[in-house]
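# Coordinate inspection notes
What follows is each chain in one-letter form.
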Amino acid sequence: MNKNSITVALAGNPNCGKTTIFNHLTGSKQHVGNYAGVTVEKKAGFRRFREHDLTIVDLPGTYSLTAYSIEEVVTRNFIVLDQPDIVVDVLDSANLERNLYLAVQILELQRPMVLVLNMADVAKKQGVVINAKRLSQRIGVPIVTAVGNKASGMDDLLTTIVQSVDKQAASFQIDYGQQIEQRIVRLFQSFNSAVLSLGFPKRWIALKLLENDKDIVQRLLEHDGGQATLAVATELRETFCEQTGGDAATFIATKRYEVVGKIYGDCVLTGPTILRTTSDKIDALLTHRLLGIPLFLGMMWFVFNLVFTIGAVPQKAIQKGLSFLGQWVGMALPDGGVKNLLIDGVIGGVGSVLSFVPIILLLFAAIAVLEDSGYMARAAFIMDRVMYKVGLHGKSFIPLLLGFGCSVPAIMGTRTLENPRDRLVTILVTPFMSCSARLPVYTLLCAAFFSENMAGTVLFSVYIFGILLAILVARFLRTFLLTGDTEPFVMEMPPYHWPSPTSILIHMWERTVLYVKKAGTIILAVSVLIWFLTNYPTHVEFSRDYDALTAQADADYTEHIAQQVYVPLTITALDDRPELAETVQRMHDIEENFDVQVADVRKNTRTYKNAAENKETALFSAAGSTELGKYALRVIQLSDERDDAHRVLLQQKAHEKLEKSYAGQAGKVLEPLVTPLGLNWKHAVSLFAGFSAKEVIVSTLATIYSVGDVEKSSSQLMDALAADPDMSPLVAYTLMIFILIYSPCVATIAVIRRETNSWKWALFASCYTTTIAWCIAFIIYQGGRIFGL
């Protein structure tokens, strides 16, 4: 073995444990992209093993190599046209016969190959004994036994890969019977340069032409000279049908199944002896006809509350770090546009989004656990009854569930749906699933306007609202716009097993990196744009002279302290009575300590109230019972009143400046559209910015509300929102529902256009969701007002 650089194609059925093995082989050295010309996700990873550099490509999971789905075409094209050095086919040992069907099709492509008998522990528990040596002899390729979720067998697999690369591909050929074999020979005679230029094995092309494979037919149509071969193939299929009464594709598939059955019978020494496995016992409860859906909803409720509660702890730590960074930049840089841009635009905007990374991590960890444990497939099965009633396929549930993470991969995931109408309806309703980008907005508004006990329930209700709306809209679309039959539900139920920690960590890492990259690109650009729109023009004609009003507040303070403190004590300054000055200084220290203590604490919390009570007690204790102490308290009170006046004037000035900025002017234009929903121009600006990415809504609110002396931490942004007289719990809930429903982000619209190959459907998705959002938000807000909410 001399080859140092090896390309490995990792193939297999869905749920065979292929991706778990890929994660163990490559660790964190992975990158995600798309296959050329299509939007099927391409995952590749790297591994250094015994002086060899391995590039491992995780191919899409497929049951066969027909041209029925894009994933099948991508898989076979990569194996043949990209010429990987070796193909590793991962098989579920507990379902070996079905998995062998794909294996024999890969063998027919005549590429070097290794078989992995994965989940060997599950097969053993089920009493399945596989004679791997005999199986290897029957099909002519090396075989490795592995338990993917325990990382068992990985070194054996890597060793076998590097030892098998230079070996000739196994000569595997199925005898399809005289009628098919004669036609294969006849097709060989018709082959010309057009056929040979396709790059596939001749016998494989002949079989595909007899199966009327659409992809191969299309490829020949694009080549000069291909028509002649296609005409021969058509004639041979027609004569086969006349002679046998059936079509050649079904006959060939049946022959393959017969061969697979014989191989399985020869190599599996003992069949399953356990009639009722542990998975069957668990399924009896989790997929119960009556209990299945309530248990599923309960599990989702538990996950979201867990994410919300635990995620709040590291989130606060990040907020403190960002607050410190903002203060440091504020002290390090001179006043000016650059300082404002860094603090308000970059740290305030992007920082607010990054503070939600812990919640995103936990959400994807929960999704990874559900997927890896095998429950996700059951969830699709459970929801099939509901999906069918609304005119969708059970498989639609999986992309819809992925939509809770991000609409982009969810819409790409609709490719598992063969029926074009099922697929289009699923694409159009997927944006109603609350993606992770919306989660920061929800958590911000929930925490600002609802108690800790209610926040999780309110958040859960928003998610349920999206699911119910998706169901209703899907039913409407299927009944009136995209009518037709729904495909029957067929899905494999993998056995339950403990999730692999490595796979969960990698899954969390991949999705979080995408989220952070978004924060560093799209959100950064939008945050800077929003900062510009909210800070320019710099010269604004104010309705009041705020500088004069501030000076008046200072003059009032000087007059009041002279009349109420200095005159009675017959002094002209605090320093004239050193003991008075010392007491006032001690009280200032108490107030400064209080400000530090509650810097990241919301005012409506018990922590804040306790700290405030302690401060008052400390101030009275410092004053003591002397007459001088009472005057010291009065000095502090007058000082606080002056500071409050300064703060109010600063906020009013900043508010007026923002109102007259470019963003304020745009918001004012849009305000009449959102006023019936209880929203104001600030919300209009944020919603407009949210078209680019839903996370931007938080950073936009942070930029808009972080004016004056209001800091940029989420807790203080929550206080700023709660202090807005236009906001209330009803308005906050209306805003959340509007954000849930209205137009998908730009990236999602672009993916819809690509998946439907039509701008018509992409624009339709944007327009109809926004229209529904406005109508439902109007009903919620106006209905709430009628009921006095």
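Residues numbered from 1 in each chain as written. Predicted model: local features only at pLDDT ≥ 70, side-chain atom pairs only at ≥ 80, totals over all residues. Heavy atoms only, no water.

### Focus: the overall build of the chain
Regarding its fold elements, the chain presents 35 helices and nine strands. Of all 789 residues assigned to the chain, the portion counted as buried reaches 53%. The contacts of the chain with a sequence gap of at least 6 include a subset with a gap of at least 24, amounting to 76%. Carbon and sulfur atoms make up 59% of the accessible area of the chain, which amounts to about 35,700 Å² in all. (Helix = DSSP H or I, 4+ residues; strand = E, 2+ residues; numbered from the N terminus. Buried < 20%, exposed > 50% of the residue type's maximum accessible area, 1.4 Å probe, protein only. Contact = heavy atoms within 4.5 Å. Areas by Shrake-Rupley, 256 points an atom, 1.4 Å probe, with all protein chains shown as cover.)

### Considering the packing of helix H7 (residues 178-190) against helix H11 (residues 226-244)
Two elements in contact, H7 and H11, have axes separated by 10 Å at closest approach and are oriented at 165 degrees. By the angle between their directions, the pair H7 and H11 is classed as roughly antiparallel. For H7 against H11, the interelement crossing comes out right-handed. Touching Gln179, Ile180, Arg183, Arg186, Leu187 and Ser190 of H7 are Thr229, Val232, Ala233, Leu236, Thr239, Phe240, Gln243 and Thr244, all from H11. Here the residues of the contact of H7 with H11 are counted per class, giving six nonpolar, six polar and two charged. (Axes fitted to C-alpha atoms, helices over the stretch in contact; angles between N-to-C directions. Parallel < 35°, antiparallel > 145°, perpendicular 65-115°, else oblique. Left-handed = near helix turned anticlockwise from the far one by under 90°. Nonpolar A, V, L, I, M, F, W, Y, C, P; charged D, E, K, R; others polar.)

### Structural notes on the confidence of the model for the chain
Taken as a whole, the chain shows an average pLDDT of 82; of its residues, 90% reach a score of 70 or greater. At the low end of the mean pLDDT range in the chain sits strand S2 (residues 30-34), at 56; at the high end sits helix H33 (residues 729-741), at 94. Confidence over residues 707-712 falls short of pLDDT 50; this stretch has 17 contacts with residues more than four positions distant or in other chains. (pLDDT = per-residue confidence, 0-100.)

### Thoughts on the packing of aromatic side chains
Enumeration according to the criterion identifies 16 aromatic pairs in this entry. With a centroid separation of 5.6 Å and 90 degrees between ring planes, the pair formed by Trp761 and Phe764 is classed as edge-to-face. Linking Trp761 with Phe764, this pair stays in helix H35 (residues 759-786), spanning three residues, or about one helical turn. Through pairs of rings, three or more aromatic residues link up here, namely Phe432, Trp761, Phe764 and Tyr768. Sitting above the plane of the Phe188 ring, Lys202 keeps its charged end 4.9 Å from the centroid. (Phe/Tyr/Trp six-rings, centres within 6.5 Å; stacked < 30°, edge-to-face > 60°. Lys NZ or Arg CZ within 6 Å of the ring centre and 35° of its normal.)

### Concerning empty space enclosed by the protein
Scanning all chains against the criterion turns up four cavities of 30 Å³ or more. Taken as a whole, the largest cavity spans an internal volume of roughly 160 Å³. As for the largest cavity, its lining consists of 20 residues, and the residues nearest its centre are Met383, Phe397, Phe404, Met433 and Ile467. For the lining of the largest cavity, the leading source of residues is helix H22 (residues 452-481), giving seven residues. Within the lining of the largest cavity, the residues separate by chemical class into 20 nonpolar, no polar and no charged. (1 Å grid on protein atoms, 1.4 Å probe; cavity = no way out; pocket = protein on both sides within 12 Å on 5 of 7 lines; lining within 4 Å. Points joined across faces, edges and corners; volume = space filled by probe spheres on them.)

### Some points on unusual backbone geometry
A negative phi angle is the norm for most residues apart from glycine, just as the trans form is the norm for most peptide bonds. Within the chain, Gln83 stands out as a residue other than glycine whose phi angle is a positive 50 degrees. Relative to the helices and strands, Gln83 is located in the loop between helix H2 (70-81) and strand S5 (86-92). Phi at Asn212 is positive, roughly 60 degrees, even though this residue is not glycine. Among the residues examined, Asn212 registers a relative accessible area of 41% and is labelled partly exposed.

### What about helix H12 (residues 248-267)?
Between its terminal C-alpha atoms H12 stretches 29 Å, which fits the 28 Å expected from 20 residues at 1.5 Å a residue. Buried within H12 we find Ala248, Ile252, Ala253, Arg256, Val260, Ile263, Tyr264 and Cys267. Buried residues of H12, seen end-on, are gathered within an arc of 150 degrees and therefore sit on one face of the element. The residue sitting at the N-terminus of H12 and contributing the capping side-chain oxygen is Asp247; that oxygen lies 3.2 Å from the backbone nitrogen of Ala249. (Expected span 1.5 Å × (residues − 1). Arc of directions from axis to C-beta. Polar contact = N/O pair within 3.5 Å; in protein donor to acceptor, adjacent residues only side chain to side chain.)

### Details of the pairing of strand S6 (residues 113-118)
The element S6 is largely enclosed, with a buried count of six among its six residues. One ladder, built from six bridges, connects S5 with S6; its direction is parallel. Considered in S6, the bridge of Val88 is made with Val114. Two strands pair when backbone bridges link them, and S6 and strand S8 (residues 143-145) are joined in this way by three bridges, in the parallel orientation. Bridge pairing links Leu117 to Thr145 in S8. (Pairing = 2+ DSSP bridges.)

### Things to note about the pairing of S5
Most of S5 is tucked away: seven of the seven residues are buried. Residues Ile86, Val88, Val90 and Asp92 of S5 are buried on one face, and the alternating residues Val87, Asp89 and Leu91, pointing to the opposite face, are buried as well. Bridging between strand S1 (residues 5-12) and S5 involves five bridges; their strand directions are parallel. Looking at S5, one finds that Leu10 is bridged to Val88. Each parallel crossover has a hand, and for S5 linked through helix H3 (residues 96-107) to S6 it is right-handed. (Right-handed = clockwise from strand over helix to strand, strands pointing away.)

### Thoughts on the packing of helix H20 (residues 420-429) against helix H34 (residues 746-756)
At a minimum axis separation of 11 Å, H20 and H34 run at an interaxial angle of 175 degrees. Comparing their axes, H34 and H20 come out roughly antiparallel. When H20 is examined against H34, the residues Arg423, Leu424 and Ile427 are found in contact with a partner set consisting of Ile752, Glu755 and Thr756. Looking at the contact of H20 with H34, its residues break down into three nonpolar, one polar and two charged.

### Topic: the pattern of salt bridges
Tallying each qualifying case throughout the model produces 24 salt bridges. With a closest N to O distance of 2.9 Å, Glu211 and Lys208 form a salt bridge. Lys208 carries the same exposure label as Glu211, and that label is buried. Across the pair Asp724 and Lys682 runs a salt bridge, and its minimum N-O distance is 4.0 Å. (Salt bridge = Lys/Arg side-chain N within 4 Å of Asp/Glu carboxyl O.)

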